[in-house]
Amino acid sequence: GGGPASAPKNNMDIVNGAGEKAFFKAVHEQLRKSAEFFKQEEENFMVRRLRIREGLRQLTDPGYLSQDASATQLLKACVSLYKQLIMLENYAVMTTTAFAKILKKHDKVTKYNTKVHFMKNVVATMSFSRYPRLKQMLADSEADYQAIRKLQLPLREEKESADSAHVGERAVNGESEIQMLRELNKEFKNSDEFKEHNGYNTTDHD
């Protein structure tokens, strides 16, 4: 029924409740695990991106052998990295909204008002919340891809064998794939989850 039990509770009462302490301890632990996973993945991707950048540097060296085959391999590595960077960004967004939903349900059941404060002061400080390095890697990967494609064109023009035709075909497929990934990423960024995630990093939510 109604009455005092359904009225909003004073958040200061949380410190005295064993159940609330256990709940937020569990939330903090999951936040820690999520942040550590994100940070480790981001660092792994940074190493891969540096390898691609070094490969791109080697391709511009006139004395480097097998440039055409290497360009194709590098293009494939670039597309693969871009795909996984998008997946990590999706993970960041979905993780943020998952914590928001958990806190919303908690507040609905307990009648406390914790969600806005916790999202703004705790979740928003996590590595997966703003991720500037990841955003930079996405932009850099697109730039690297275009640079490799530009290098491929003159290399392919120098060859007239059947093998070079196959290389060209794979490059076109790579271009189609990265364009498709861009479109999928754009679609995701128009989703309610992405808008909600950005909202938690800029304004308060009910």
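Being a predicted model, the structure only gives us computed values, none of them experimental.

Engineer: Is there a simple way to think about the overall build of the protein chain in this case?
Structural biologist: Helix and strand counts for the protein chain stand at seven helices and zero strands. When its helices and strands are written in sequence order, the protein chain yields α-α-α-α-α-α-α. Taking all 206 residues of the protein chain together, 39% fall into the buried category. Summed over all atoms, the accessible surface of the protein chain reaches about 12300 Å², with 55% contributed by carbon and sulfur.

Engineer: Sorry if this is basic, but what is going on with the pattern of salt bridges here?
Structural biologist: Side chains bearing opposite charge may pair, as long as their charged atoms lie close to each other. Going through the model one piece at a time under the given rule, you end up with seven salt bridges. Between Asp-140 and Arg-49 there is a salt bridge whose closest N-O contact spans 3.6 Å. Linking Asp-140 in helix α5 (residues 132-157) with Arg-49 in helix α1 (residues 18-59), this pair joins segments that are 91 residues apart in sequence. The closest approach of N and O atoms between Asp-144 and Arg-53, which form a salt bridge, is 2.7 Å. Separated by 91 residues along the polypeptide, Asp-144 in helix α5 and Arg-53 in helix α1 bring together distant segments of the chain. With relative accessibility at 37%, the residue Arg-53 sits in the partly exposed group. Each of Arg-49, Arg-53, Asp-140 and Asp-144 takes part in salt bridges that share partners, so that together they form one network.

Engineer: Please clarify how the confidence of the model for the protein chain should be interpreted in this entry.
Structural biologist: In low-pLDDT regions, the fine details of the predicted coordinates are not to be read closely. Mean pLDDT over the protein chain: 78, with 64% of residues reaching 70 or higher. Here residues 1-7 is a poorly scored stretch, pLDDT under 50, and it has three contacts once near neighbours within four places are set aside; other chains count. This stretch, residues 157-162, has a pLDDT under 50; its non-local contacts, to residues over four places away or in other chains, come to two contacts.

Engineer: Help me understand the environment of Phe-45 in this model?
Structural biologist: Within the secondary structure layout, Phe-45 lies in helix α1. Measuring from C-alpha to C-alpha, the distance between Phe-45 and Leu-134 comes to 8.7 Å, with 89 residues separating the pair along the chain. Not counting chain neighbours up to four residues away, the residues in contact with Phe-45 comprise Leu-81, Gln-84, Leu-85, Leu-88 and Met-137.

Engineer: Sorry if this is basic, but what is going on with unusual backbone geometry here?
Structural biologist: Residues apart from glycine generally show negative phi values, whereas peptide bonds are mostly found in trans. Phi angles above zero are rare outside glycine, and Lys-111 is one such case at about 70 degrees. Structurally, Lys-111 can be placed in the loop between α2 (67-110) and α3 (115-121). Residue class for Lys-111 comes out partly exposed when judged on its relative accessible area of 29%. Phi is positive for Tyr-131, which is not a glycine, with a value near 40 degrees. In this structure, Tyr-131 sits in the loop between α4 (127-130) and α5.

Conventions adopted
- Residues numbered from 1 in each chain as written.
- Predicted model: local features only at pLDDT ≥ 70, side-chain atom pairs only at ≥ 80, totals over all residues.
- Heavy atoms only, no water.
- Helix = DSSP H or I, 4+ residues; strand = E, 2+ residues; numbered from the N terminus.
- Buried < 20%, exposed > 50% of the residue type's maximum accessible area, 1.4 Å probe, protein only.
- Areas by Shrake-Rupley, 256 points an atom, 1.4 Å probe, with all protein chains shown as cover.
- Salt bridge = Lys/Arg side-chain N within 4 Å of Asp/Glu carboxyl O.
- pLDDT = per-residue confidence, 0-100.
- Contact = heavy atoms within 4.5 Å.

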